[in-house]
Amino acid sequence: MSGPLEITLFFGRLHPLLVHLPIGLIVLLAALEILARWPRFRTANANAGLILLLTVPVAVVSVVCGWLLSRAGGYQDQLLQWHKWTGIATAGFCLIAGLLYAADLKKLYRWCLGSCVVVLVLASHFGGSLTHGSDYLVRYAPGPFRAWLAGQKPPPANETKPGDPAQLQAFSSVIQPILKEDCISCHGPEKAKAKLRLDSLEAMLKGGESGPALVAGKAAESLVLKRIRLPDTEDDHMPPAGKPQPNPGDVALLEWWISQGAPADKKITELKPPVNIARIIEARFGKGPALAKTVPPKPLTEVLPLAANLADQLSIAVTALSPNEPWLQCNASVAGKDFTDADLAKLAPLASNLRWLDVAGTKVTDSGLTQLVAMPNLTRLHVERTAITDAGLEGVLHLSNLEYLNLYGTQVTDAGLRQLEVLPKLKQIYLWQTKVTPAVAAEFIESRTDKDQLQRWQDEIEQLKTRIRDAHIAVDLGTTTTASTTTKASAVNAECPVSGKPVDPTKTLVHEGVLIGFCCDDCKAKFLQDPKPFLTKLAALMPKDSKPKPSQ
Amino acid sequence: MDPQKQFWQTLTRRAFFKTSGLAAGRIALGSLMFPDLFRTASAQPRSGPTHPPLPGLPHFAPKARRLIYLFMNGAPSQIDLWDYKPKLGELFDKDLPDSIRNGQRLTTMTSGQKRFPIAPSIYKFAPHGQCGTMVSELLPHTAQVVDDLAVIRSVYTEAINHDPASTYILTGNQIPGKPSIGAWLSYGLGSEAEDLPAFVVMTPRWSAKRDAQALYQRLWGSGFLPSRHQGVALRSKGDPVLFLNNPAGVDPAARRTMLDGLAKLNQVGFERSGDPEVETRIAQYEMAFRMQTSIPHLVDISDEPKSVLDLYGPEVTQPGTFAASALLARRLIERGVRVVQLLHREWDHHGDLPRDLPLQCRDVDQACKGLILDLKQRGLLDETLVVWGGEFGRTVYCQGELSRDNYGRDHHPRCYTMWMAGGGIKGGIVYGETDDFSYNIVRDPVHIRDMNATILSLMGIDHNRLTYNFQGLDQKLTGTEARAVPVKGVLA
């Protein structure tokens, strides 16, 4: 197999763990030597020998592990070389220092130790850059220092917003910034995990250890999307748990761009995006509402007491959805007309934990719905039978996780429905007794259905069905049985009717429609001459249900 | 050693400290592992009208927030309604083979019969909806919504008579004394509505021309759970709740003052005795007070548009019918009631089935469709679990005299049909299969215990973990004898 053996990786990965021990110990040795210059602390370096005895082997072992790790690949070559050689030098100087100390050459020992420290600093810096990127320490340095330390311009505060989002270049202005935000830190020019780089289209097409990152035109087969779409609990899910995750809107944009053939040099308008994609782009780059990034909820233990108090106070029900997750459900419809916008505002401390909100039949109005901005984790929202109108839906547009929206019995119109196209995860919407017309509802469904994608999946289903069929083997035994001929049939009797001896299967004849067997040709001839004397004996020998046909 | 001396030795101080030291450690460990070990009745009774869910519930995010249970008491005949068996047509008046009957016990109503002639259904079945499920001509309206239903043909039970069987399916045990499913749900998930009980029951009237099996209050009772969790039955004729309104001369303010004083007295009693029934009493008085305003609004259906009333059929305006009760069920769950149960009687067609079954079907058929469609257009079907079914099935052989146009069927526990719809249920499927005689199950059997486990799991409860310690046993709805398993095949 092409990659390193697992055992190599196992020991290789111990390098970041082990390497901190010799670093600490070498620095300790140096510090003790310096301290020993003061008369008061002249015994400080007395135990240097003991410490060296530990340091040298550990330093050598971590260098070996580091070498194994470098074989796993994925590290930028030049930086790796620098780190490798300075690291080896560190271990080397350490070893020599140990020998010098043992040989009691204290002055040379100190010089050696000093050089060891110098190469140690260099090796550590290169090592840190390898793992975290070369601007790791300085990126968040205070303003004036940043430019001086990093020697480069600080990253711009926000991207420039062009006037018309439709004129943007699809790849360079829309897709690349998404990748830069969440992917390039591990799959870019400085570090290429699994030998994959995502900073240029060629690199993405070329791919890494697992194959090409994307297949132009086939979003379903593109590894980058498959990995993003895996559940968070899967090991292969990208970006890895703990790192910033992309917005659902960004993922939708990526999928659309790939299925359009992943073009490098087309503008958005040239690719004719469907309405929901257009809205997402407008929201991100234009002046529309930005889809709120997921706001992490507070821990359940913190919000439950608040929830209980609020529930009592407002006469509503606020309960946890399950004890293992931080999500809450709020049913305010039981308070009916007593629940107002002001009461909804009181739910603010719980806002990031709310998953299901039911304000059906309450006195919540359009202005109350503006508070939904603070509830980006909502998946189900009931606002039926309230006085809201299209204006109130502004507040709903921020809910990038919303899957269910109940608007029955409200004043929502066709225009309001069209606004909702921007919600990426919306799966169910209820519009009975609203002003929405069937035609516009049908259009809404059309715009949300990617017919091409559905057709591709249908084709895939057909292909899979064919493959299942082909995997079977057909064995046909036929339905009709062959007519038995006299040569193949066996005699009805086991003993010869003439002699009583066992029947020879080759000596048979048909008598009155029944195949009779004899022991020898002589008996057969005797029976043929005159069957009558043998018939009773024959009848006894025959099985019950095969009776000879009555003679003509 | 002399046994008496041995006994006295165990009572020495030394022995006491030796054993109780360990015991104290065990108790401490117990309280660490089971924090509820030392839970006592709280000094402040939870006398408010709503009660919160138990801590830690729901165990996982529920698919349905509400349950509407349409219980067809008496046992509808599955062969004539849901379980299509065309091969029976050739077997008219043939005896049921022993290999099929396989020793199934008979009731005393048919055990005296010399013959068990097969009675094929005289009703025609046809495929309906996009899923093509076969439904009998007796349920034309329900057939129209079959794409939303999961029809389970392989439900079975052990009980063969009505009382034990109804008690079994609705309380989890044939022996009376256990809480009903609605009481368990009220206990576990709490109630959200301030002015209506968490569990409401209705017993609409029936059209079949015979007397019906009796219903027992224990079918919606609270068993050993605090009695505030029992179902509150609304009457089908006249006032939904008797004596709800204030008598002449008593105005609401006076009533309120009286109730406040009563609550204080009960509170004193509670602090003295710690009896949870006092809690219930205080809560029920509060609930009754609030129901004085909420019930009249509930039963006044003049705010329903005509298109909605038409969905349920012509009987919806006649209080006490199944259709009217179905509409009330929807109104109840909209107002936050957790469980609504309708118990429709007289499906027990031992004889004259062709006369009575169509009448019963007419009672419920359009109302069921109306309920499903009404919930659906309000976006509530997604969050409400609807269950329909009886306590057992009916036999393929005829009870009494068999003729081409008249027959009866006896009780049959080994297989029957129920359907589910709504939150978390995959619509348009048929789960489970019976043999050609609708006598035995051949695939995917579902015990009524498993049905109850499924209902609980759709409401977010792990049926093994919702327990109540009573008589030294951690009692559960699904019982402790055998392991119940929620049915995965019907889940969306």
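Residues numbered from 1 in each chain as written. Chains lettered and ligands numbered in written order. Predicted model: local features only at pLDDT ≥ 70, side-chain atom pairs only at ≥ 80, totals over all residues. Heavy atoms only, no water.

(A) Expanded view of the overall build of chain B. Per the secondary structure count, chain B includes 13 helices and 17 strands. The buried share of chain B, reckoned over its 492 residues, is 55%. Surface accessibility of chain B: about 21500 Å² in total, with carbon and sulfur atoms responsible for 54%. (Helix = DSSP H or I, 4+ residues; strand = E, 2+ residues; numbered from the N terminus. Buried < 20%, exposed > 50% of the residue type's maximum accessible area, 1.4 Å probe, protein only. Areas by Shrake-Rupley, 256 points an atom, 1.4 Å probe, with all protein chains shown as cover.)

(B) Local environment of a nonpolar patch on the surface. A cluster of nonpolar side chains, contributed by A:Leu5, A:Ile7, A:Phe10 and A:Phe11, occupies part of the molecular surface with about 420 Å² of accessible area. Mapped onto the fold, A:Phe10 is located in helix 1 (residues 6–12). (Patch = residues over 30% accessible without salt bridge, like charges linked within 9 Å, V, L, I, M, F, W, Y side chains within 5 Å. Salt bridge = Lys/Arg side-chain N within 4 Å of Asp/Glu carboxyl O.)

(C) Expanded view of the interface of chain A and chain B. Counting residues at the interface gives 25 residues for chain A, matched by 25 residues for chain B. Taking both partners together, chain A and chain B bury about 1900 Å²; carbon and sulfur atoms supply 49% of that area. The largest per-residue losses of area from chain A upon contact with chain B belong to A:Val334, A:Trp356 and A:Trp432, which jointly make up 26% of the total buried on that side. With its nearest N and O atoms 2.8 Å apart, the salt bridge here joins B:Arg65 to A:Asp358. Across the chain A-chain B interface, the total number found is 11 residue pairs in polar contact (both at pLDDT 80 or more). Elements supplying a minimum of two residues to the side of chain A that touches chain B: strand 1 (317–320), strand 2 (328–331), strand 3 (354–358), strand 4 (380–382), strand 5 (404–406) and strand 6 (428–430) of chain A. For the side of chain A that touches chain B, the leading source of residues is strand 1 of chain A, giving three residues. (Contact = heavy atoms within 4.5 Å. Buried area = accessible area lost by both parts, 1.4 Å probe. Polar contact = N/O pair within 3.5 Å; in protein donor to acceptor, adjacent residues only side chain to side chain.)

(D) Region of interest: the nonpolar core. Residues and elements named next belong to chain B. The biggest cluster of nonpolar side chains holds 65 residues, and the ones touching the most others in it are Leu70, Leu81, Trp82, Trp388 and Trp419. In terms of residues, this core owes the most to one element, helix 12 (residues 353–377), which gives nine residues. If near-sequence neighbours (up to four positions away) are discounted, Trp388 is found in contact with Leu70, Met72, Pro76, Leu81, Trp82, Val364, Cys368, Thr417, Met418 and Trp419. Among the nonpolar cores identified, the runner-up in size contains 51 residues, and Ala159, Trp184, Tyr431 and Ile461 belong to it. (Core = buried A, V, L, I, M, F, W, Y, C linked by side-chain atoms within 4.5 Å.)

(E) Main features of unusual backbone geometry. For the bond from A:Met238 to A:Pro239, the omega torsion is -15°, close enough to zero to count as cis. Inspection of the secondary structure puts A:Pro239 in the loop between helix 10 (223–229) and helix 11 (248–259). Of note in this structure, B:Ala75 is not a glycine but carries a positive phi near 85°. Within the element layout of this structure, B:Ala75 appears in the loop between strand 1 (66–72) and helix 3 (78–81). Overall, B:Ala75 belongs to the buried group, its relative accessible area being 0%. With a phi angle near 55°, B:Gln471 is a residue other than glycine that sits in the positive phi range. For B:Gln471, the position within the fold is in the loop between strand 16 (468–470) and strand 17 (473–475). Taking relative accessible area as the criterion, B:Gln471 reaches 69% and is therefore assigned exposed.

(F) The arrangement of the confidence of the model for chain A in detail. Residue and element names in this part refer to chain A. In this model, chain A carries a mean pLDDT of 83, and residues with pLDDT of at least 70 account for 88%. Considering only residues more than four positions removed or in separate chains, one finds that residues 152–162, a stretch of pLDDT under 50, has 10 contacts. Ignoring residues within four places in sequence, the model shows residues 546–552, a span with pLDDT below 50, making eight contacts including any to other chains. (pLDDT = per-residue confidence, 0-100.)

(G) Local environment of the pattern of salt bridges. Taken as a whole and judged by the stated rule, the model has 44 salt bridges over all chains. When the shortest N-O distance is used, the salt bridge between A:Arg385 and B:Glu334 registers 3.7 Å. Of this pair, A:Arg385 sits in the loop between strand 4 and helix 16 (393–396) while B:Glu334 sits in helix 11 (residues 322–334), on two different chains. A:Arg385 gets classed as partly exposed once you look at its relative accessible area, which sits at 33%. Shared partners join several salt bridges into a network, and the residues in it are A:Arg385, B:Asp303, B:Glu304, B:Arg330, B:Arg331, B:Glu334, B:Asp374 and B:Arg378.

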